[in-house]
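# Descriptive analysis of the structure
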Amino acid sequence: MVQETVQAVKDAEARAGEKIREAQEQSEKIVNEAKEAAKAQKEKAVAEAREKAEAKMQETKAAGSRILEEAAQEAEKEVEVLKALAGKKEAKAIEAVTSGLV
């Protein structure tokens, strides 16, 4: 009877040891899965942030190009106005010189 009790205790200890080993393996598996999930989530967030930054940069470049184009057009208009004014002044200057010669 004592021998049976000792054997039952040994069997229970062996089962408990096996349960502990299984629990450790399962906890390691859960931790590894959580790490992998966190890594994947981080990579996804970084990729999304890069995409948003790239889109914003392209948007900013396009806006800058539009502003430069508008400024160039405005400068061209100003040049045309100045050329017209210079033409008028030139005509007056020629007239003044020619009338002074006569």
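What comes next concerns the included structure. Numbering of residues starts from 1 in each chain and follows the order in which that chain's sequence is written. Restriction of local features to residues with pLDDT of at least 70 applies here, the model being predicted, together with a cutoff of 80 or more for giving and counting side-chain atom pairs; totals for whole chains, interfaces and linings are based on all residues. Excluded from the side-chain calculation are hydrogens and water; included are all heavy atoms of the structure.

## With respect to the overall build of the protein chain
Labels follow the DSSP assignment, with helices taken as runs of H or I lasting at least four residues and strands as runs of E lasting at least two, numbered in each case from the N terminus. When helices and strands are counted, the protein chain shows 1 helix and 0 strands. The globule rule used for comparison is 2.2 Å times the number of residues to the exponent 0.38, while the radius of gyration itself is calculated over C-alpha atoms. What you see for the protein chain is a C-alpha radius of gyration of 44 Å, clearly larger than the 13 Å of a compact globule of 102 residues, by over 25%. Only protein chains enter the area calculation, which uses a 1.4 Å probe; residues under 20% of their type maximum are buried, those over 50% are exposed, and those in between are partly exposed. Sorting the 102 residues of the protein chain into buried and exposed places 0% on the buried side. Computed with the Shrake-Rupley method and a 1.4 Å probe, the accessible areas treat only the protein chains shown as cover for residues. With an accessible surface of roughly 9500 Å², the protein chain has 60% of that area assigned to carbon and sulfur atoms.

## Looking at the environment of R50
When you line up the elements, R50 lands in helix α1 (residues 2–101). Accessibility expressed as a relative area gives 61% for R50, which makes it exposed. Put simply, R50 and V79 are 29 residues apart on the chain and 43 Å apart in space, counted from C-alpha to C-alpha.

## A word on the pattern of salt bridges
Here, a salt bridge means any Lys or Arg side-chain nitrogen found within 4 Å of an Asp or Glu carboxyl oxygen. As enumerated under the stated definition, the model contains 2 salt bridges in all. The salt bridge partner of E18 is R21, with a shortest N-O separation of 2.5 Å. Of this pair, E18 and R21 are both found in helix α1, 3 residues apart, which corresponds to roughly one turn of the helix. Assessed through its relative accessible area of 43%, R21 is described here as partly exposed. The partner of E59 in a salt bridge is K56, with the nearest N and O atoms 3.6 Å apart. Taken together, the residues span about one helical turn, with E59 and K56 both in helix α1 at a distance of 3 residues.

## So, a nonpolar patch on the surface
Surface patches are drawn from residues lacking salt bridges whose relative accessible area is over 30%; two like charges belong together within 9 Å, two nonpolar side chains (Val, Leu, Ile, Met, Phe, Trp, Tyr) within 5 Å. Taken together, the side chains of V81, L82 and L85 define a hydrophobic patch exposed on the protein surface, amounting to about 290 Å² of accessible area. Relative to the elements of secondary structure, V81 occurs in helix α1.

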